[in-house]
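Now for the letters of each chain:
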Amino acid sequence: MLAPILLVLMVFFVTLPLWVRSVPVQYNARSLLVRKVTTLVTALGIALVVFVFAGSLMLREGINRVLTAAGRADTVVILRKGSDAELSSAIGNEYIGLFRGPAQVSQAGGVIGEIVIVVTADRADGFGASNVLVRGMPPDGFAFRPELKLASGRMPRPGTNEAIVGRGISGRFKGIAPGQSFELRRNRPLQIVGEFTADGSSYESEVWGDLDVIRRSLGREAVVSSVRVRLNRPEDFDAYRQTIENDKRFSMKVMREADYYQKQSQALSTFLGGMGLAAAILFSLAAMIGAAITMNGAVAHRTREIGTLRALGFSRRSILLSFLTEATVLSLAGGVIGVIAVQLLSLVKVPIINFQTFSEIVLRFQVAPGVLAWSLWFSGLMGLLGGLFPAIRASRVSPVEAMRA
Amino acid sequence: MNLATYARRNLFRRRFRSIMTVLAVTVATVIFCLIRTLVVVWHAGVDEAATDRLATRHKVSFTMELPKHYIDEIRQVPEVKAATWANWFGAKDPKERVPFFAGFAVDSDSWFDVLDEMQVPPDQLAAWKQTPNGVIIGDLLAKALDVQVGSRLVITSDIYPGDWDFKVVGIYKPLRKTADRNSLVLRWDFLNNDPRAGFAKDKIGWLVSRITDSVHSAEISRKIDTRFDQRDDQTLTTSERAFNLSFLGGFSAVLGAFDYGSLIILLIMTLILANAIAMSVRERTHEYGVMRAIGFPPRHILGFILAESVLVALVGGLIGVGVVVLAINNGIGPVLEENMSGFFPYFRAPLWVLGLALGLSGVLGLIAGAIPAWRMSRLSVTDALRRID
Amino acid sequence: MSENQMTEATKTAGAPGEPYRGTTTGTESIVTLSKITKTFFRGSEPIRVLEGLDLDVPNGSFEALMGPSGSGKSTLLNIIAGLDRPTSGAVRVAGADLGPMSDSELARWRSQTIGFVFQSFNLIPVLTAAQNVELPLLLTSLSRADRARHVATAMRIVSLEDRMHHYPRQLSGGQEQRVAIARAIVNDPKIIVADEPTGDLDRKSADDVLTLMERLNKELKKTIFMVTHDPAAAERAGVVRKLDKGALQ
């Protein structure tokens, strides 16, 4: 919400010369056009910084989108107390039935216990290996997630070694594509029979198979990694959580599914987003120097003109404002170029490792209105700061000396 | 006087512009070195792992365990000098003084023999073998957790439920700069005898072996894997480096982004430099016209402009490299190593990065000056003389 | 005395065996232009500046070229000096045919044959007077000591020995122009071309400069070709030519 307000303020500032008695803004626009190569080169430098800035914001949006799209408000994730992720959690089979007891649980949706492991797979392009998350679910696990849509092939038959793969990673690894198979243990292959989508969530970077077949391959028949529970209403969460967490028979952690994924995405988006922003801010130092050089050149070049304007009666403040406006317009132009160019990134798929599971998820750069507003604001700010010193210099030009020069 | 005199004097004609241009190159050089250093540091732990050590894990997944008796079988391989094993403990500080540290359940008899980059006093090692709930921790972790030898230390685990009550019996010191000084090791038998071990009972996470012949490590790896090929639990043996990399495999995309980042900052630098040089050249068009009239051939003018551009870039690059040496290698680098050795056991810009940065600044200076220089050398003398601007 | 030194400079400055470096003696023409035309384009509209112009300048003369603005005076000067090329016609200066020469050959030829004096002096502001004069010598293979000697000689000829280490902004207009003349003669050129040399000077300084040019013509036997608006300047020249509408009157 802050970004659009800041942007509006900046636009107001830039067009200020239109409202108050000042050097006409057309004068600045023309002087930018006259030195078109210099203007373009400087704007391009700023565009590159905005590209990095907007790209890192888009990546953060992409992480949030992918990791939180899977989370629902009316669904609960139960892990063993002390575990932060499904991968390290283990819950005995005997408890699953007990989670169904409380009245808040939806009779239609039900309760599912799942096992989650990561397997090492060679990349299909031959460049190394990475980890893929495999989820074993009971037969009603597929119906538990209505966002699941079969994109090709067919659903796996329950109780068999058949599995389906999310579209995000399908074909990226050897053996993990429809019609292929990979081994969980010697002579215990999982056969991929279909490809699915799930609203662009991180589920699309997983392989889904049968709970019992997968557990048997691992020798972990007695446990599941996590349990998911569908509630009647999202508001029932607190009551349900208290019931389970206070139960002395077991020691469990109860989270809203949405919160669980939010927390999962936090580390990754803080890390990647933070790194991108740090880079953009460092880069902006260079771009601001570039803007300062250009504006300083403009001031030096137009000393005589500035002197004439002052002689005609324009105040120091209106000269200052005029050059600040010119610098801001210059770098906003760069910002617009950068924001347009960054749209190309939305075509790029980024495979990245999720800290919580050590498995690979595929992200996209996600466009959001906030990203555009922030980026333009950022570019304008660079122009303002870069143009400040030259503008002050311009405002100090003495009309007498300038005419003599 | 020679032509360099003229080129040098030109640098100081627009002092503000020259200083700012040099500053821009300096900033870009520092950023470039920082990014490249991060990439190098990222690989450092991996690169510097001893090549005479192999790691053996479950072929399918690092989350799956191997049967305990595998250690005895590996020790029978003639090329294996010594072998040990470890289980990931998922250790966490309940008071959250340390965000992350590695905790392993290891064989107290053989662990420090194989991982010999960590040095433990012999009396502390002997005490560990007498103390089932004893742990040995890195010197930096000991400082962060505020414990000494003899202290009680309660930690929790991401994998095994409840509080784990340990006694610190030893503190190890690094013998190599890349050794992790923030790890904790507990006794594997202590974990295994606890009912909370669950399905990990009598299982081991991975094996580390020291081999006789580091040149033939690939063959020895194959030999080990072949031995277990017909079992239910197949193995994957790699160099310790590749083992470490398998956790970072998915980070290649991040490192790729770093590469683009360093490319973009170089591009920004070139644009700024080219613009500044073009502005100076435009102002001096008339003067170059005079020199051409006197008889200086176009290539001299070309040379002047290129020399000026390269000189500005090199000065900026040199200052940037100096800043990196002072601020990173002798500033934040040692501080990071001290406080975040889990992530950055070693944080210095290597000499080749500094050299590369300096070389690139020179080359990019040449590129930045090329277009204005070429245009000026092509301009006719009479046109140049007419230009008063 | 100074004359001897300048002759010596010729020997060292000029590379031996230059094919286009003719020997010039007596009253033979040093500049021969025949049927010169020069056409500029403003947009797509051609503007003919010179039309079939013929010109002979005898060796050792001091000529002034006068004419209204836009008559093509500067263009003609530039063609003689090898700065510009005619659209058609032949240019022969100091025994060399300029037509077939490449830009770099022309540049080298200029550095050995032509000395320039401009209206606005055109000294390099970041170099001292001596360094400005030394500039053309950087194109020769002279040693540092030889260059210093030539610079000192040229500065003595223009009577500015005491201003060697001053920067252009520390000199008066007349002094600046005299430094520019020193720069024009330091490599002992055959011809000095001057474009409005007194245009930016007050009367007194202009007279000094013109007296200096007369001396160069008389004592050092330099051929001088000068474009001027100033009748007082033209008076000093041995020959005054008038150019109007692209043709010599």
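Residues numbered from 1 in each chain as written. Chains lettered and ligands numbered in written order. Predicted model: local features only at pLDDT ≥ 70, side-chain atom pairs only at ≥ 80, totals over all residues. Heavy atoms only, no water.

### Concerning the overall build of chain C
Next, step 1: What chain C contains, in helices and strands, is 8 helices and 10 strands.
Next, step 2: Counting only residues that meet the buried cut, chain C has 55% of its 249 residues in that class.
Next, step 3: In chain C, once contacts between residues fewer than 6 apart in sequence are set aside, the share between residues at least 24 apart is 74%.
Next, step 4: Within the structure as shown, chain C displays about 10,700 Å² of accessible surface, and the carbon and sulfur contribution to it stands at 50%. (Helix = DSSP H or I, 4+ residues; strand = E, 2+ residues; numbered from the N terminus. Buried < 20%, exposed > 50% of the residue type's maximum accessible area, 1.4 Å probe, protein only. Contact = heavy atoms within 4.5 Å. Areas by Shrake-Rupley, 256 points an atom, 1.4 Å probe, with all protein chains shown as cover.)

### Overview of the interface of chain C and chain B
Next, step 1: Contacts between the two partners involve 25 residues from chain C, matched on the other side by 22 residues from chain B.
Next, step 2: Between chain C and chain B, a total of about 2,100 Å² is buried, with carbon and sulfur atoms accounting for 67% of that surface.
Next, step 3: The tally of links between chain C and chain B comes to 0 salt bridges.
Next, step 4: Across the chain C-chain B interface, the total number found is 5 residue pairs in polar contact (both at pLDDT 80 or more).
Next, step 5: Elements with a contribution of two residues or more to the side of chain C that touches chain B: helix H3 (103-113), helix H4 (129-134) and helix H5 (144-157) of chain C. (Buried area = accessible area lost by both parts, 1.4 Å probe. Salt bridge = Lys/Arg side-chain N within 4 Å of Asp/Glu carboxyl O. Polar contact = N/O pair within 3.5 Å; in protein donor to acceptor, adjacent residues only side chain to side chain.)

### Some words on helix H7 (residues 203-219) of chain C
Residues and elements named next belong to chain C.
Next, step 1: Across its 17 residues, H7 extends 24 Å between first and last C-alpha, which sits within 8% of the 24 Å expected from 1.5 Å per residue.
Next, step 2: On its buried face, H7 sits against strand E3 (62-66), H5, helix H6 (173-185), strand E7 (191-195), strand E8 (223-227) and helix H8 (231-236).
Next, step 3: Backbone nitrogen of Lys 204 and a side-chain oxygen of the N-cap are separated by 3.2 Å at the start of H7; the cap is Asp 202.
Next, step 4: One or two steps after H7, the chain reaches Lys 221, where phi turns positive at roughly 60°. (Expected span 1.5 Å × (residues − 1).)

### Observations regarding the sheet that holds strand E9 (residues 239-244) of chain C
Residue and element names in this part refer to chain C.
Next, step 1: Taken together, 6 strands build an open sheet; the order of strands is E6-E7-E8-E3-E9-E10 and the sheet is mixed. Where the open sheet ends on each side, the last strands, each with one partner, are strand E6 (114-117) and strand E10 (247-248).
Next, step 2: Pairing of E3 with E9 involves 4 bridges; the strand directions are parallel. Looking at the pairing, Ala 64 lines up with Val 240 of E9.
Next, step 3: On top of the sheet, H6 reaches E6 and E7; it is set at about 170° to E6, its chief contact.
Next, step 4: Sitting on the sheet, H7 touches E3, E7 and E8, and the angle it makes with E8 is about 150°. (Pairing = 2+ DSSP bridges. Axes fitted to C-alpha atoms, helices over the stretch in contact; angles between N-to-C directions.)

### What about a nonpolar patch on the surface?
Next, step 1: A cluster of nonpolar residues, Leu311(B), Val315(B), Ile319(B) and Val323(B), forms a patch on the protein surface that exposes about 270 Å² of accessible area.
Next, step 2: Classification of Val315(B) as partly exposed rests on a relative accessible area of 36%. (Patch = residues over 30% accessible without salt bridge, like charges linked within 9 Å, V, L, I, M, F, W, Y side chains within 5 Å.)

### Topic: the nonpolar core
Most often, soluble globular proteins keep nonpolar side chains buried together rather than apart.
Next, step 1: With 78 residues, the main nonpolar core has Phe283(A), Leu363(A), Met382(A), Ile265(B) and Ile268(B) as its most contacted residues.
Next, step 2: Beyond its immediate stretch of four places on either side in the chain, Leu363(A) contacts Leu59(A), Gly62(A), Ile63(A), Val66(A), Val348(A), Lys349(A), Val350(A) and Ile352(A).
Next, step 3: Judged by nonpolar contacts, the second largest core, of 56 residues, contains Val281(B), Leu83(C), Ile124(C) and Leu243(C). (Core = buried A, V, L, I, M, F, W, Y, C linked by side-chain atoms within 4.5 Å.)

### Some details on the pattern of salt bridges
Where charged atoms from two side chains of opposite charge come close, those side chains can pair.
Next, step 1: For the structure on display, the rule yields 54 salt bridges over all chains.
Next, step 2: Here Arg241(C) makes a salt bridge to Glu63(C), at a shortest N to O gap of 2.5 Å. Of this pair, Arg241(C) sits in strand E9 while Glu63(C) sits in strand E3, and the two are 178 residues apart along the sequence.
Next, step 3: When its relative accessible area of 21% is taken as the criterion, Arg241(C) is described as partly exposed.
Next, step 4: The exposure class of Glu63(C) is buried, given its relative accessible area of 1%.
Next, step 5: With a closest N to O distance of 3.3 Å, Glu214(C) and Arg236(C) form a salt bridge. A residue pair is termed long-range when its members are at least 10 positions apart, and Glu214(C) in helix H7 and Arg236(C) in helix H8 qualify at 22 residues.
Next, step 6: The class of Arg236(C) is partly exposed, set by a relative accessible area of 24%.
Next, step 7: One network of salt bridges, in which partners are shared, links Glu86(A), Glu114(A), Arg135(A), Arg145(A), Glu206(A), Arg228(A) and Glu257(A).

### Observations regarding the sheet that holds strand E5 (residues 96-97) of chain C
In a beta sheet, neighbouring strands pair by backbone hydrogen bonds and run either parallel or antiparallel.
All names here are of chain C.
Next, step 1: Taken together, 4 strands build an open sheet; the order of strands is E2-E1-E4-E5 and the sheet is antiparallel. Edge strands, defined here as strands with exactly one partner in the open sheet, are strand E2 (45-58) and E5.
Next, step 2: As defined by bridge partners, strand E4 (residues 88-93) adjoins E5 across 2 bridges and the pair is classed as antiparallel. Across the sheet, residue Val 93 finds its bridge partner in E5, namely Ala 96.

### Description of the packing of H6(C) against H7(C)
Residue and element names in this part refer to chain C.
Next, step 1: For the pair H6 and H7, interaxial distance at closest approach is 9 Å and the crossing angle is 20°. Put simply, H6 runs roughly parallel to H7. Classified by chirality, the crossing of H7 by H6 is right-handed. Residue-level contacts link Gly 174, Gln 177, Arg 178, Ile 181 and Ile 185 of H6 to Ser 205, Val 209, Leu 212, Met 213 and Leu 216 of H7.
Next, step 2: Here the residues of the contact of H6 with H7 are counted per class, giving 6 nonpolar, 3 polar and 1 charged. (Parallel < 35°, antiparallel > 145°, perpendicular 65-115°, else oblique. Left-handed = near helix turned anticlockwise from the far one by under 90°. Nonpolar A, V, L, I, M, F, W, Y, C, P; charged D, E, K, R; others polar.)

### Looking at the confidence of the model for chain C
Residue and element names in this part refer to chain C.
Next, step 1: Of the residues in chain C, 89% have a pLDDT of 70 or more, and the chain-wide mean is 85.
Next, step 2: Per-element mean pLDDT across chain C ranges from 41 in helix H1 (residues 2-13) up to 94 in E8.
Next, step 3: Note that pLDDT drops below 50 for residues 1-26; the model gives that stretch 46 contacts with residues more than four away or on any other chain.
Next, step 4: What the predictor reports for the complex is a pTM of 0.80 with an ipTM of 0.81. (pLDDT = per-residue confidence, 0-100.)

### So, the environment of Arg299(B)
Next, step 1: Tracing the sequence through the fold places Arg299(B) in helix H12 (residues 298-339).
Next, step 2: Arg299(B) sits 42 residues away from Ala257(B) along the chain, and the two C-alpha atoms are 40 Å apart.

### Overview of the side chain of Ser88(A)
Next, step 1: Residue position: Ser88(A) is located in the loop between strand E1 (75-80) and strand E2 (91-92).
Next, step 2: Ser88(A) sits in the buried class, given a relative accessible area of 14%.
Next, step 3: Residue contacts for Ser88(A): discarding those within four places in its chain leaves Arg80(A), Ser83(A), Asp158(B) and Ile159(B).

### A look at the domain arrangement of chain A
All names here are of chain A.
Next, step 1: Domain annotation for chain A reports domain 1 (3-68 + 264-404) and domain 2 (75-232).
Next, step 2: Each partner contributes to the interface: domain 1 provides 14 residues, whereas domain 2 provides 17 residues.
Next, step 3: Roughly 1,200 Å² is buried in total at the junction of domain 1 and domain 2, and carbon and sulfur atoms are behind 49% of that figure.
Next, step 4: Counting across the interface, domain 1 meets domain 2 through 1 salt bridge.
Next, step 5: Note that Glu 360 is salt-bridged to Arg 123, the shortest N-O span being 3.1 Å.
Next, step 6: For the interface between domain 1 and domain 2, the tally reads 6 residue pairs in polar contact (both at pLDDT 80 or more).
Next, step 7: Ranked by residue count, the leading element in the side of domain 1 that touches domain 2 is strand E14 (residues 359-364), at 4 residues. (Domains from an automatic or database assignment.)

### Describing the side chain of Thr197(A)
Residue and element names in this part refer to chain A.
Next, step 1: Tracing the chain through its elements places Thr 197 in strand E8 (residues 188-197).
Next, step 2: Here Thr 197 falls in the buried class, since its relative accessible area comes to 16%.
Next, step 3: In this view, Thr 197 contacts Glu 147, Leu 148, Lys 149, Ala 151, Arg 167 and Glu 204; residues no more than four positions away in its chain are not counted.

### With respect to the interface of chain B and chain A
Next, step 1: Each partner contributes to the interface: chain B provides 55 residues, whereas chain A provides 58 residues.
Next, step 2: Counting each side, the surface lost to burial between chain B and chain A is near 4,500 Å², with a carbon and sulfur contribution of 67%.
Next, step 3: For the chain B face of the interface with chain A, the top three residues by lost area are Phe16(B), Val60(B) and Phe199(B), together amounting to 13%.
Next, step 4: Across the chain B-chain A interface, the total number found is 3 salt bridges.
Next, step 5: Across the contact surface, chain B and chain A share 16 residue pairs in polar contact (both at pLDDT 80 or more).
Next, step 6: Listing elements by their share of the side of chain B that touches chain A, those giving two or more residues are helix H2 (15-47), strand E1 (53-58), helix H9 (240-248) and helix H10 (252-283) of chain B.
Next, step 7: No other element matches the 15 residues that H10(B) contributes to the side of chain B that touches chain A.
Next, step 8: The class makeup of the residues in the side of chain B that touches chain A is 29 nonpolar, 13 polar and 13 charged.

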